[in-house]
Each structure stands twice: as structure tokens, then as C-alpha cells.
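Single-letter residue listing:
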Amino acid sequence: MAQHPTLTDSITLGVSLDCPWDKAYAFLSDPANMPRWASGLGDTLTQEDGRWIAEGPLGRVAIRFEPRNELGVLDHTVELPDGGQSYNPMRLVRDAGGSACVLLFTLLRQPGVSDTQFDGDADWVRKDLAALKGLLDER
């Protein structure tokens, strides 16, 4: 397991999805779908030598995803161009009836990130979660 830096703060953001858990998990656990809703990584995600690579606002980054599982764990770690890592805990939770689910994303503040930067990061995640909702909600 990767070592994570000392954190000073976190916030968990969520979005309710009007979509069965199985369908949402199939979409979310396929890394190729991430650029469709996670704008912070860029427009494309490709595999190179068994690693997922994105080119976007952060530069060229590699992303490691947790293997598919029955618990809805969708954690991923972004390896930044400077060698740093950003760990992103994410979990898809079933609702009691099975016709909907909730995606929870925990934003971890890295050392040195100001309140303004952290608030901006949270707003960006909220925007991405809203985009995901638009893709997955059944009409």
C-alpha cells in the first residue's frame, strides 16, 4: 500500500445517482470512462505499458486504480509530474432499494494547500460529480 503524506484536512462530497449500483459501478470502475466526467485529469486516458496516463491541467500524470471489488471501492492515486502523489478515496454505496446509489469522494488537503485552493478543489469535485450525475441518472 502506498504511503500517504500527513494531511491537514478533508471533506467528503457526495452525489446521489438515480441509477442501479451495478450499472454505476460498471461505468465508474472502467478507467476509460473517467475523462467523461472527471475534468481535472484531461480529455483522454490511455494505457501505456500497463499504466493509465492522462494529459491535462496537471500535466502528464499516471493513475493507479484499485482493482474491481464487491465493496464499491473506487480509490485511485494520481502520480504527479513532480513525483508527488495524490490519493483519492472514492466509494459507491448502494441504497436500500437497489434502484439508486450514492458516490462519495473524499478530498484530502495536501500540506501547503491554502483554504482558497482547497475550496477551489472542492468546487471542482462538485462540478465533476454533477457531470457524472448527468451521465448516469436514468430519465
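All figures in this text were calculated on a predicted structure; none of them were measured in a lab.

The rules behind each value
- Residues numbered from 1 in each chain as written.
- Predicted model: local features only at pLDDT ≥ 70, side-chain atom pairs only at ≥ 80, totals over all residues.
- Heavy atoms only, no water.
- Helix = DSSP H or I, 4+ residues; strand = E, 2+ residues; numbered from the N terminus.
- 1 Å grid on protein atoms, 1.4 Å probe; cavity = no way out; pocket = protein on both sides within 12 Å on 5 of 7 lines; lining within 4 Å.
- Points joined across faces, edges and corners; volume = space filled by probe spheres on them.
- Nonpolar A, V, L, I, M, F, W, Y, C, P; charged D, E, K, R; others polar.
- Buried < 20%, exposed > 50% of the residue type's maximum accessible area, 1.4 Å probe, protein only.
- Arc of directions from axis to C-beta.
- Contact = heavy atoms within 4.5 Å.

Colleague: Would you explain the environment of proline 67 in this entry?
Modeller: Here proline 67 is to be found in the loop between β4 (59–65) and β5 (76–79). For the pair proline 67 and serine 29, spaced 38 residues apart in sequence, the C-alpha separation works out to 8.2 Å.

Colleague: Where do I start with the layout of surface pockets in this structure?
Modeller: Rolling a probe over the atoms, with the probe sized like a water molecule, indicates the empty space that remains. Taken as a whole, the largest pocket encloses approximately 660 Å³ of empty space. Around the largest pocket, the lining comprises 27 residues; the ones closest to its centre are Leu58, Ser86, Asn88, Leu107 and Asp121. For the lining of the largest pocket, the secondary-structure elements that each account for two or more residues are β5, β6 (85–88), β8 (101–109) and α2 (115–136). Of all the elements, α2 adds the most residues to the lining of the largest pocket, at six residues. Class assignment for the residues of the lining of the largest pocket results in 17 nonpolar, seven polar and three charged.

Colleague: Explain helix α1 (residues 21–28) to me, please; I cannot follow it from the model alone.
Modeller: Helical periodicity: at 3.6 residues per turn, an α-helix aligns residues three or four positions apart in one direction. What α1 keeps buried is the set Trp21, Ala24, Tyr25, Phe27 and Leu28. Buried residues of α1, viewed axially, fall in a sector of 160°; they line one side. If you follow the buried residues of α1, they end up packed against β1 (9–17), β7 (90–94), β8 and α2.

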